[in-house]
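Residue-level structure breakdown
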Amino acid sequence: MILPSGFGLPPLPYLVVLLAAAVGVAGLLSSRRPPVTQGMVAALSPWMAAGGALYALYQVGAIPEAVAPLFGSPAVYVTVGILAGGVYAAVADRPSDEWAPTSAPGILGLAGAAVLLLALVAAALVAQGGGTSVPSAGPGLSLAIIIGSVIAAAAVWAPLQRLREVSATGQVGALVVFGHALDGVSTAVGYDLLGFGEQTPLSKLIIDTAAALPTAEFIGAGWLFVVVKLLLAAVVVELFDEYVREEPVEGYLLLGLITAVGLGPGAHNVVLFAVS
């Protein structure tokens, strides 16, 4: 089994709506051809985090029943992708080489931040109002995970910049490292401290390997997953630097996808721990 548990398609009517909307947005993006720069791809990061946060709300039953199937896995990432793609297409004619409230990256990033903020407010209301029957770990632990992830990402990104040539990846390269640091640290905390299981088979294999070591009794089993995630992120960023120089559009898009694979699940873990 390769896919994580909980992975499943929504009912047919919702699936048809999602596919139709996705095709429509893809056509719009194709016709508008918005620029693909590191700023634009970096501006997608709040959307990636919002997808993970919304899925966590879906898991604890905090999404209205009428639209809940749109926020399961993997439907939530298509739903958020459609919204982000629509905004991306809408700002195609605006400046894309600067960060400003009215520039393309600024509008795209602020729109994603607004969606993420709404998800976090909903999560806070659930945590405070007892929206689930299971006591939550609380926002304090989630904040500690974010701070630990920033420190871990900085510990990798700083020497990577000094020792390797990764300047072309820029903001997106830094996001790759942070996204996978967040996924690694949150997964380790969830497994070792909160008793959460790991849904993805490959990740579970790494954790089970560490659990079989003599060190598990003293430092837990999640540490190996953190190390693997950080090492892979660093290797990917280094390997992609030349590719980004030669093919910036494809390079930034692929790095954005790699960021999403870490940042989305990491944000999901952080919000889930706070509410369940």
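Being a predicted model, the structure only gives us computed values, none of them experimental.

The next subject is the nonpolar core. One finds Leu44, Leu54, Leu108, Ile145, Val177 and Val237 to be the most contacted residues of the largest nonpolar core, which totals 66 residues. With 10 residues, the top contributor of residues to this core is helix 11 (residues 248-275). In contact with valine 177, not counting residues within four places along its chain, are Ala153, Val156, Trp157, Leu230, Ala233 and Val237. In terms of nonpolar packing, the next biggest core, distinct from the first, is built from six residues, Ile206, Ile207, Ala210 and Leu224 among them.

With that settled, consider the packing of aromatic side chains. Taken as a whole, this structure holds three aromatic pairs when the rule is applied. Ring centres 6.1 Å apart and planes at 20 degrees place the aromatic pair tyrosine 55 and tyrosine 58 in the stacked group. Placement of the pair is tyrosine 55 and tyrosine 58 together in helix 3 (residues 45-59), with a separation of three residues, close to one helical turn. The exposure class assigned to tyrosine 55 is buried, which follows from its relative accessible area of 7%. On the basis of relative accessible area, tyrosine 58 is assigned to the partly exposed category, the value being 33%. Between phenylalanine 196 and phenylalanine 273, the aromatic rings sit 4.9 Å apart at their centres with planes inclined by 50 degrees, giving tilted as the arrangement. With a gap of 77 residues between them, phenylalanine 196 in the loop between helix 7 (170-192) and helix 8 (201-211) and phenylalanine 273 in helix 11 connect regions that are remote in the sequence.

It is worth spelling out a nonpolar patch on the surface at this point. A surface patch of nonpolar side chains, amounting to about 590 Å² of accessible area, comprises Leu213, Phe218, Ile219, Trp223, Val227 and Leu231. For the nonpolar patch, the secondary-structure elements that each account for two or more residues are helix 9 (216-219) and helix 10 (223-246). The dominant element in the nonpolar patch, judged by the number of residues it contributes, is helix 10, at three residues. By the element assignment, valine 227 lies in helix 10. For valine 227, a relative accessible area of 36% gives the class partly exposed.

Mapping alanine 154 onto the fold places it in helix 6 (residues 139-163). Sequence separation between alanine 154 and glutamine 171 is 17 residues, and the spatial gap between their C-alpha atoms is 13 Å.

For helix 7, which comprises 23 residues, the first-to-last C-alpha distance of 33 Å matches the rise-based estimate of 33 Å (1.5 Å per residue) to within 8%. The element helix 7 is extensively covered by neighbouring structure, given that 18 of its 23 residues are classed as buried.

With that settled, the discussion passes to unusual backbone geometry. Note the cis peptide between serine 73 and proline 74, where omega equals 10 degrees. Tracing the sequence through the fold places proline 74 in the loop between helix 3 and helix 4 (75-90). Here the phi dihedral of arginine 33 falls at roughly 50 degrees; this positive angle occurs in a residue that is not glycine. Position of arginine 33 relative to the elements: it lies in the loop between helix 1 (12-32) and helix 2 (38-42).

One way to put it is that helix 5 (residues 104-129) packs onto helix 11 with a least axis distance of 8 Å and a crossing angle of 25 degrees. In this view, helix 5 runs roughly parallel relative to helix 11, as classed from their interaxial angle. When helix 5 is examined against helix 11, the residues Leu120, Ala123, Val126 and Ala127 are found in contact with a partner set consisting of Val271, Ala274 and Val275. Grouping the constituent residues of the contact of helix 5 with helix 11 by class yields seven nonpolar, no polar and no charged.

Here is what the cut-offs are and how they apply
- Residues numbered from 1 in each chain as written.
- Predicted model: local features only at pLDDT ≥ 70, side-chain atom pairs only at ≥ 80, totals over all residues.
- Heavy atoms only, no water.
- Core = buried A, V, L, I, M, F, W, Y, C linked by side-chain atoms within 4.5 Å.
- Buried < 20%, exposed > 50% of the residue type's maximum accessible area, 1.4 Å probe, protein only.
- Helix = DSSP H or I, 4+ residues; strand = E, 2+ residues; numbered from the N terminus.
- Contact = heavy atoms within 4.5 Å.
- Phe/Tyr/Trp six-rings, centres within 6.5 Å; stacked < 30°, edge-to-face > 60°.
- Patch = residues over 30% accessible without salt bridge, like charges linked within 9 Å, V, L, I, M, F, W, Y side chains within 5 Å.
- Areas by Shrake-Rupley, 256 points an atom, 1.4 Å probe, with all protein chains shown as cover.
- Salt bridge = Lys/Arg side-chain N within 4 Å of Asp/Glu carboxyl O.
- Expected span 1.5 Å × (residues − 1).
- Axes fitted to C-alpha atoms, helices over the stretch in contact; angles between N-to-C directions.
- Parallel < 35°, antiparallel > 145°, perpendicular 65-115°, else oblique.
- Nonpolar A, V, L, I, M, F, W, Y, C, P; charged D, E, K, R; others polar.

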